[in-house]
Amino acid sequence: MFSSCSLCCVFYVLILIDDYNAQFRKKILDFLVIVVFLFYLCGMRVIAFSTIREFINKHSESDKPLRDWYSKVLRADWKCFADIKKDFNSADFVGNDRYVFNIGGNKFRIVAIVIFVAHKVFMRFIGTHDEYDKIKDIQNI
């Protein structure tokens, strides 16, 4: 997927270059507007994938399950907890906007803050089931 910065650069270049046919430029701009709309309004955004990548580097067996979870979340359009349950039946609400996801047959757990209105998922914890069990205050992690 394109980052917002790269999309802005494309807009800027298309506007500055006079050699483009005006009709072609309009088609490209229309397409990019649709892409930006879909990217920002239709799917959840996970902050940040780097947290997942770091965990995968330590636990290589988590690679496929975590990437599957990540791609499913990106395609999701959650409005409430019931929507999360449709995609992840084993997910639990633990309070303070935090949700727990069982990953890879319950070998791993993710605790994330889900802000439905903003379509954002903030990673607060990724760990093994044993590491999760050691958390004393899940609502403030």
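Everything here concerns the structure above.
All residue numbers refer to position in the chain's written sequence, counted from 1. Reporting in this predicted model follows two pLDDT cut-offs: at least 70 for local features of residues, and 80 or more for side-chain atom pairs to be given and counted; totals over whole chains, interfaces and linings ignore these cut-offs and use all residues. To obtain the side-chain values, all non-hydrogen atoms of the structure were included, while hydrogens and water were left out.

Student: Looking at this structure, I do not really get the pairing of strand S4 (residues 108-115). What am I missing?
Tutor: Taken residue by residue, a regular strand's side chains alternate between the two faces of the sheet. In terms of residue burial, S4 counts as a mostly covered element, since seven of its eight residues are buried. Pairing of strand S3 (residues 98-103) with S4 involves six bridges; the strand directions are antiparallel. Note on S4: the bridge partner recorded for arginine 98 is isoleucine 113. Pairing between strands requires that DSSP locate at least two bridges from one strand to the other. Under the scheme used here, helices are H or I runs from DSSP no shorter than 4 residues and strands are E runs no shorter than 2 residues, and both carry numbers assigned from the N terminus. Taking the residues between adjacent antiparallel strands as the criterion, S4 and strand S5 (residues 120-128) are bridged by four residues, where histidine 119 takes a positive phi near 55°. When accessible area is computed with a 1.4 Å probe and restricted to protein chains, residues below 20% of their type maximum are described as buried, those above 50% as exposed, and intermediate ones as partly exposed.

Student: Got a minute to help me understand the nonpolar core in this structure?
Tutor: Nonpolar side chains tend to gather and get buried jointly when the protein is soluble and globular. The criterion is simple. A nonpolar core is a set of buried Ala, Val, Leu, Ile, Met, Phe, Trp, Tyr and Cys residues joined through side-chain atoms within 4.5 Å. Formed by 25 residues in total, the largest nonpolar core has its most connected members in Trp69, Trp78, Phe101, Ile110 and Val121. The set of elements that each furnish at least two residues to this core consists of helix H3 (49-58), helix H4 (63-75), S3, S4 and S5. Of all hydrophobic cores here, the second largest spans seven residues; its members include Val100, Phe125, Tyr132 and Ile141.

Student: What's the story with the packing of aromatic side chains in this structure? I'm lost.
Tutor: Within a pair of aromatic rings, the relevant descriptors are the distance that separates the centres and the angle that separates the planes. Note on aromatic contacts: the rings of Phe and Tyr and the six-membered ring of Trp form a pair at centre separations within 6.5 Å, being stacked when their planes are under 30 degrees apart, edge-to-face when over 60 apart, and tilted otherwise. For the structure on display, the rule yields twelve aromatic pairs. Their ring planes at 50° and their centres at 6.5 Å tell us that phenylalanine 81 and phenylalanine 93 sit as a pair that is tilted. Residue phenylalanine 81 is found in helix H5 (residues 81-87), and its partner phenylalanine 93 is found in strand S2 (residues 92-95); the two are separated by twelve residues along the sequence. Look at phenylalanine 93 and you get partly exposed, because its relative accessible area is 44%. Between the aromatic rings of phenylalanine 125 and tyrosine 132, the centroid separation amounts to 6.4 Å while the plane-to-plane angle is 50°, which identifies the pairing as tilted. Neither phenylalanine 125 nor tyrosine 132 differs from the other in exposure class; each is buried.

Student: Any chance you could explain the environment of leucine 74 here in plain terms?
Tutor: Within the secondary structure, leucine 74 is located in helix H4. Exposure remark for leucine 74: the relative accessible area of 34% places this residue in the partly exposed category. Distance in space between the C-alpha atoms of leucine 74 and lysine 120 is 9.6 Å, their sequence separation being 46 residues. Residues contacting leucine 74, with those up to four places away along its chain left out, are Gly43, Met44 and Val46. When checking whether two residues touch, look at their non-hydrogen atoms; a contact exists if any pair is within 4.5 Å.

Student: Looking at this structure, I do not really get the packing of H3 against H4. What am I missing?
Tutor: Closest axis-to-axis distance for the H3/H4 pair is 10 Å, and the angle between their directions is 165°. The angle between H3 and H4 falls in the class roughly antiparallel. For the crossing formed where H3 meets H4, the hand is right-handed. Contacts from Phe49, Ile52, Phe55 and Ile56 of H3 reach H4 at Asp63, Leu66, Arg67, Trp69 and Tyr70. Charged residues are taken to be Asp, Glu, Lys and Arg, nonpolar residues to be Ala, Val, Leu, Ile, Met, Phe, Trp, Tyr, Cys and Pro, and polar residues to be all remaining types, Gly included. Across the contact of H3 with H4, the residue classes tally to seven nonpolar, no polar and two charged. As a rule, the C-alpha atoms of each element are fitted with a line to give its axis, helices using only the stretch in contact, and angles between N-to-C directions run from 0 to 180 degrees. Angle categories: roughly parallel below 35 degrees, roughly antiparallel above 145, roughly perpendicular from 65 to 115, and oblique for all the rest. Crossing handedness follows the turn of the near helix against the far one: under a right angle anticlockwise gives a left-handed crossing, and clockwise gives a right-handed one.

Student: Can you walk me through H4 in this structure?
Tutor: One turn of an α-helix holds 3.6 residues; hence residues three or four places apart share an orientation. In this model H4 runs 19 Å from its N-terminal to its C-terminal C-alpha over 13 residues, within 8% of the 18 Å that 1.5 Å per residue would give. Looking at the packing, one finds that the buried side of H4 touches strand S1 (45-47), H3, S3, S4 and S5. To estimate how far a helix should extend, the number of its residues minus one is multiplied by 1.5 Å.

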